[in-house]
Amino acid sequence: MLTSMQRYLYHHRTKWVGFAFILPWILSALWFDLIPFVTNLYLSFTDYSVSTSTPDWLGIRNYREILELDPLFTKSLGNTVYYLVLGVPIRLLAAFAIAVLLNLRIHALGTFRTIFYIPSVVPLVAVSIIFFGMFNARYGIFNQLLILLDLPPVRWLTRPEWIKPAMVIMSTWGFGAQMVIFLAGLQGIPSELYEAAEMDGGSYWHQLFRITIPMLSPVIFFNLIIGVIGGFQVFASAYVLLGPGGGPLNAGLFYVLHIYNNAFSYFRLGYAAALSVVLFLIILFFTVIMVRTSDRWVYYGDA
Amino acid sequence: MARKLTRRSFLKVAGVSATTLAVAACAAPGPAAAPAEGDMAEGAPSAERVEIEFMNWWGSHREPLMDEVIANFHDMNSDVQVNNSVQPWDGRAERAATAVASNNPPALIMTQRVETYQFAHENLLIPIDDYVQASGIDPDAIFYSGEINNQRWQGQLYSFPLPTGGGNTGQYFYNKTVLAEAGLDPETPVTTWQELTEASRAITQKDDLGVTVMGANLGGGPVGFGQWLYGNAGQFVSDDARTIMFDSPQGIETLEWMVEFTNEVNGGIDNANEFFAGTSDTSADHPYYNDKLGFLFTGVWQFGHLQATDPDMWADTSTWGVGQMPYNGNNSDAGHAGVAGLAGSWGYVIPASTPQDLADAAYQWLEFFGTHEQGGCLFLFNQGRPSPVAQCNENAAYYDDNPYWSVVLKSLASDVSVAVTPVQARINDVVGTVVDEAYFGQHSPADALAKGAEESQRILDEFWSG
Amino acid sequence: MVEGLYARVAKWTFVYPLLLVGSTVMLFPLAWTFSTSLKTAQTVTLREVKLIPDPVQWANYITIFEESPLLLYTQNTMYMVVTSVIGGVVICALAGYAFARIGFPAREVLFYVLLSTMMLPHVVQIIPLFVIFDQLGLVGTFWPLIIPRLLGHNAFYIFLMRQFFRGIPLELSDAARMDGCTELGIWARIIMPNSKPVLAAVGIFSIQFAWNDFLSPLIYLGPKKELWTLALGLNAQKGFEGEITSLHKMMVISVYMIIPMLLVFAFGQKYMIEGVTFSGMKG
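Keep in mind it's a predicted model, so treat the numbers as computed, not measured.

Re the overall build of chain C
Then comes step 1: Along the backbone of chain C there are 13 helices and zero strands.
Then comes step 2: At 24 Å, chain C has a C-alpha radius of gyration far larger than the 19 Å of a compact globule built from 283 residues.
Then comes step 3: Dimensions of chain C, computed from the C-alpha atoms along their principal axes, are close to 70 × 65 × 30 Å.
Then comes step 4: For chain C, the proportion of its 283 residues judged to be buried stands at 60%.
Then comes step 5: Sequence separation of at least 24 residues holds for 70% of the intrachain contacts in chain C that already meet a minimum separation of 6.
Then comes step 6: Where the 19 positive side-chain charges of chain C centre and where its 16 negative ones centre are 6 Å apart.

Structure below.
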């Protein structure tokens, strides 16, 4: 074992080594993140369309328009938050629960895991078509089940109030990636911990809450952050299922759809850039809060 | 299957009827002259052959039709090689925007009218007026005036139109079987809103889950509203494209009728939309092909869809018919009217960064495709739909296949070209939202239109002042 | 370890039934995709739940190869995947290790930078990125799809690996360090061998995202049909204005695209097999 002093000295000696490890990423970030980011930051103060000539400087006019004149800014942000608050926890819980079950010693384990991952490999075009069929009020499987259970059928895609729940259902179905991450995380929990708990006569639920969840917290943290960052940017699935307008009464017009329409339907790339900078700041704010509060509940092996 | 007119027989018919006409005189040489020129050109060094990328979205069953037209062009123009670059539909706008911004763009890009205006306004396109003048073409003599004007922005021409920007809303399709089953006379199509409402009441049937047989769906969005607005002698925007006019009394009356009809006859907008959910007029399960829909309000592309999707129905012309768009019978100023160029209205533009030789070649192909009888005319004829080149629609073969062809031509003549600006896409979305709000009862039609007009006017003012 | 009776009962009364119900829910859309792929132009519809088509048109799976150059698209897609994925995973693993275990100046700030690269919506990056590759003259080649992946331009993977690497006991790397291993040596001898589950996960994800990616290939390979990928070939089945004229053919291509990814997953998930014992479940 090294003492903390030895570790400090070691790291001090090798402090530039870390940069070598992340050098390729830094190059990629400079080219493929920094350039687009700075470009967008600059464009957000202009009236840039797609032209090659220099755009006019507008100062903060785009930002004022967002806050003062654009009814779809609040609408789309509200839709996005609704989707996020409902969708992220459901998806996380479903992925976690299934991952725990699929980490047991059971028959046909590989088959079950593959089945639960299937939805994640279906191309999005096909997913949207399938769900279009399943959400049909008359012929779709969801309403046929509801009728079977003696519940009133629902207009999934034609009533504004059902659009977002429908989107949550569709996205929950594709929880495979989170499930795989949880599964991978479950492998890292040393089995001695469970054996020790067993000696003490701890129940399964006791083990789940005292060992599995704390030991899995770095992965839960990861999935939460990614879920929130991704949830704010929900786009492709909504676009293919609802179209750029987001369905009736813009009920499924999510924030990035609004950006998309400004960028590629109106070619107001300056305004779209301003919208995206605002979204960037919103996401950054929540991410910093989550990272800052994470040391209260996330346990790392190297802590 | 009545329509199996080959290209050759079409050309025979077309050749006879078109020889004395402007299109034949102005465009590239007709079929008889073509081989001669082809032979001559073959003598020229083949290294001169210019290759251009023609980026378009005529995919699926239209791709072979386009290939045929390109082959015709190659027969007559051995100096230009056109590569038919059909792109996947999804991501179309991103693809077009990046292509136009590229250092090395395709020589010809298919764009919607509003996109053409947007790109033209940003000086990203080459106007074709000089080319047109050099080739001695008089576009106003060849094309319907609404059609060619849809491709002009601030006095400059950027493309020839194709397909028709009009013909989207001027006519409707009806299903005679459905009408007969409801006890209506299938040979007397409706001409007014009032007749349409009455007929739909007789046809529409509902059960617990919604509509099972529908008279008509009036549609929503800017085009849905716009098509009825012009049938009430209303106007979307002033002819100089500076003043929003859809919130006029005619506009309010139109939207009130649409909402009332939808609520009363169809049981609400969600009922109406759900009836069509999961299907489209290119799939065999669409209610219209299955005798579940009385009136279908759609564009002339429906002829091609009918041929491809339900050939039996297309062949049996006693099962379907075409009428001119109904108008408000209570308004003495109103009459049949179609709307052109409010949305869609495709053209083919040459990006500004295209090198001279490629731009020349692109125009050469555009001229053939836009004006020649073996170009766009044939492409549209093969889909059973009219051409923006008026003369091509006189082809007798159209009448042989389609007993309603004269109605189609009348409806094309009734088309009004709406004046639009590069910001029309935004205005369209505003109108789509307020029409939705009226349908869902969030605002009265009058309030919804007032709100939409205020926002649209702000967008327009900002554009004209900028 | 011998399973207790209670655990076995719990498995058969609770776990298996739950997994079977869940599997049905997960499998239904796939079954539906497959059955749709066997329908004909006249029987194909979204407006009916009919899992056994009548007639069953197996020929769809033959004719699609005549109508669409799927083999060429497969070859291109595989080329793109193979050239970018392996290198990309290694680069991400190196960066993830540095963020997890190597102290270097501004590491915290750079970690926030890493996270923040996921926060700017892709739609506003399309044009700036296109301009970069256009100026480099790389539009119409695979490079714009390969270079970013090879450079580890994926915060998701780097962040994911960092989370896992931090869970590996420090004692292991300390021991290696005392044996004179460099950071690279520790990474290669200690971290990588102990990270098979997460490497498998990142491998699966990156293969699959590259396989199904649509928008970037569209923008960079659009003009060159000879370079098209399967995702483009699938989407090209849509007609003008997105009209779907041959749903069954789209579903044939979808099934064709799904199967290899299922094989990749079935292979990769074997590295996540240290199943936790169930015997602790004692009420």
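Structure's up, so let's keep going.
Details of the pattern of salt bridges
Pairing between side chains of opposite charge can happen when the charged atoms of each approach one another.
Then comes step 1: A complete count under the given rule lists 23 salt bridges over all chains for this structure.
Then comes step 2: Measuring nitrogen to oxygen at the nearest pair gives 3.0 Å for the salt bridge that ties Asp 90 of chain B to Lys 238 of chain C. Separated into two different chains, Asp 90 of chain B in the loop between strand E2 (80-86) and helix H5 (92-101) and Lys 238 of chain C in the loop between helix H12 (230-235) and helix H13 (247-268) make up a pair that spans both.
Then comes step 3: The class for Asp 90 of chain B is buried, based on a relative accessible area of 12%.
Then comes step 4: Residue Lys 238 of chain C is classed as buried on the basis of its relative accessible area of 13%.
Then comes step 5: Between Glu 462 of chain B and Arg 458 of chain B there is a salt bridge, with its nearest N and O atoms 3.8 Å apart. Taken together, the positions of Glu 462 of chain B and Arg 458 of chain B, both in helix H22 (residues 445-465) and four residues apart, correspond to about one turn of that helix.
Then comes step 6: Glu 462 of chain B sits in the partly exposed class, given a relative accessible area of 30%.
Then comes step 7: On the basis of relative accessibility, which here comes to 23%, the residue Arg 458 of chain B falls in the partly exposed class.
Then comes step 8: Bridged by salt links that share partners, the residues Glu 65 and Arg 268 of chain A together with Arg 426, Arg 458 and Glu 462 of chain B form one connected network.

Focus on the interface of chain B and chain C
Then comes step 1: Listed by partner, the interface residues are 39 residues for chain B and 31 residues for chain C.
Then comes step 2: Both sides together, the interface formed by chain B and chain C hides about 2,600 Å², and carbon and sulfur atoms give 53% of it.
Then comes step 3: Summed over the shared surface of chain B and chain C, the result is three salt bridges.
Then comes step 4: In this structure, the salt-bridge partner of Glu 63 of chain B is Lys 225 of chain C, at a minimum N-O distance of 3.9 Å.
Then comes step 5: Seen at the junction of chain B and chain C, the total is 13 residue pairs in polar contact (both at pLDDT 80 or more).
Then comes step 6: Elements supplying a minimum of two residues to the side of chain B that touches chain C: E2, H5, helix H14 (269-276) and helix H15 (302-309) of chain B.
Then comes step 7: Element by element, the count of residues in the side of chain B that touches chain C is highest for H5 of chain B, at five residues.
Then comes step 8: In terms of residue class, the side of chain B that touches chain C is built from 14 nonpolar, 18 polar and seven charged.

Brief notes about the state of the cysteines
Covalently bonding the sulfur atom of one cysteine to the sulfur atom of another cysteine gives a disulfide.
All names here are of chain B.
Then comes step 1: Overall, the coordinates contain one disulfide over all chains when judged by the stated rule.
Then comes step 2: Covalent S-S linkage joins Cys 377 and Cys 392, the inter-sulfur distance amounting to 2.0 Å. Its torsion about the S-S bond being 70 degrees, the disulfide of Cys 377 and Cys 392 is classed as right-handed. Of this pair, Cys 377 sits in helix H18 (residues 376-381) while Cys 392 is found in the loop between H18 and helix H19 (396-401), placing the two residues 15 residues apart along the sequence.

Digging into the domain arrangement of chain C
Residues and elements named next belong to chain C.
Then comes step 1: Partitioning chain C into domains gives domain 1 (5-60) and domain 2 (68-282).
Then comes step 2: A separation of 29 Å is found between the C-alpha centroids of domain 1 and domain 2.
Then comes step 3: Taken over both partners, the interface formed by domain 1 and domain 2 buries close to 1,100 Å², and the fraction arising from carbon and sulfur atoms is 88%.
Then comes step 4: Interface area lost by domain 1 to domain 2 is led by Tyr 6, Thr 33 and Ser 37, which between them contribute 30%.
Then comes step 5: Across the contact surface, domain 1 and domain 2 share zero salt bridges.
Then comes step 6: Connecting domain 1 to domain 2 are zero residue pairs in polar contact (both at pLDDT 80 or more).
Then comes step 7: Here the element with the most residues in the side of domain 1 that touches domain 2 is helix H1 (residues 5-37); it accounts for eleven residues.
Then comes step 8: Grouping the constituent residues of the side of domain 1 that touches domain 2 by class yields ten nonpolar, five polar and two charged.

Details of the packing of aromatic side chains
The description of two aromatic rings rests on the distance between their centres and on the angle between their planes.
Residue and element names in this part refer to chain B.
Then comes step 1: Scanning the entire structure with this criterion turns up 89 aromatic pairs over all chains.
Then comes step 2: Residues Phe 73 and Trp 365 carry aromatic rings whose centres are separated by 5.1 Å and whose planes lie at 70 degrees to one another, so their mutual orientation is edge-to-face. Residue Phe 73 is located in helix H4 (residues 63-76), and its partner Trp 365 is located in helix H17 (residues 356-371); the two are separated by 292 residues in the primary sequence.
Then comes step 3: Judged by relative accessible area, Trp 365 falls into the buried class, the value being 0%.
Then comes step 4: For the ring pair Tyr 172 and Phe 295, a centre distance of 5.8 Å and an interplane angle of 65 degrees mean the geometry is edge-to-face. Remark: Phe 295 occurs in strand E9 (residues 293-296) and Tyr 172 occurs in strand E6 (residues 171-175); sequence separation between them is 123 residues.
Then comes step 5: On the basis of relative accessibility, which here comes to 1%, the residue Phe 295 falls in the buried class.
Then comes step 6: Of note, Arg 242 hangs over the ring of Trp 464, and the distance from its end group to the ring centre comes to 4.0 Å.

Describing the sheet that holds E2 of chain B
Residues and elements named next belong to chain B.
Then comes step 1: Strand order in the open sheet made by the four strands is E2-E1-E3-E12, with mixed pairing throughout. The sheet is open, and its two edges are formed by E2 and strand E12 (346-349), each paired on a single side. Sheet twist, expressed as the average angle between the axes of neighbouring strands with direction ignored, equals 25 degrees.
Then comes step 2: Summarising the sheet, strand E1 (residues 50-56) and E2 pair through seven bridges and their orientation is parallel. Of the residues in E2, the one forming a bridge with Met 55 is Ser 85.
Then comes step 3: Sitting on the sheet, H4 is in contact with E1 and E2, with an inclination near 170 degrees to E2.
Then comes step 4: Running at roughly 115 degrees to strand E3 (residues 108-112), helix H6 (residues 113-121) makes contact with E3 and E12 of the sheet.

Calculation rules
- Residues numbered from 1 in each chain as written.
- Chains lettered and ligands numbered in written order.
- Predicted model: local features only at pLDDT ≥ 70, side-chain atom pairs only at ≥ 80, totals over all residues.
- Heavy atoms only, no water.
- Helix = DSSP H or I, 4+ residues; strand = E, 2+ residues; numbered from the N terminus.
- Rg over C-alpha atoms; globule rule 2.2 N^0.38 Å.
- Buried < 20%, exposed > 50% of the residue type's maximum accessible area, 1.4 Å probe, protein only.
- Contact = heavy atoms within 4.5 Å.
- Lys, Arg positive; Asp, Glu negative; His and termini not counted.
- Charge placed at Lys NZ, Arg CZ, Asp CG, Glu CD.
- Salt bridge = Lys/Arg side-chain N within 4 Å of Asp/Glu carboxyl O.
- Buried area = accessible area lost by both parts, 1.4 Å probe.
- Polar contact = N/O pair within 3.5 Å; in protein donor to acceptor, adjacent residues only side chain to side chain.
- Nonpolar A, V, L, I, M, F, W, Y, C, P; charged D, E, K, R; others polar.
- Disulfide = S-S within 2.5 Å.
- Domains from an automatic or database assignment.
- Phe/Tyr/Trp six-rings, centres within 6.5 Å; stacked < 30°, edge-to-face > 60°.
- Lys NZ or Arg CZ within 6 Å of the ring centre and 35° of its normal.
- Pairing = 2+ DSSP bridges.
- Axes fitted to C-alpha atoms, helices over the stretch in contact; angles between N-to-C directions.

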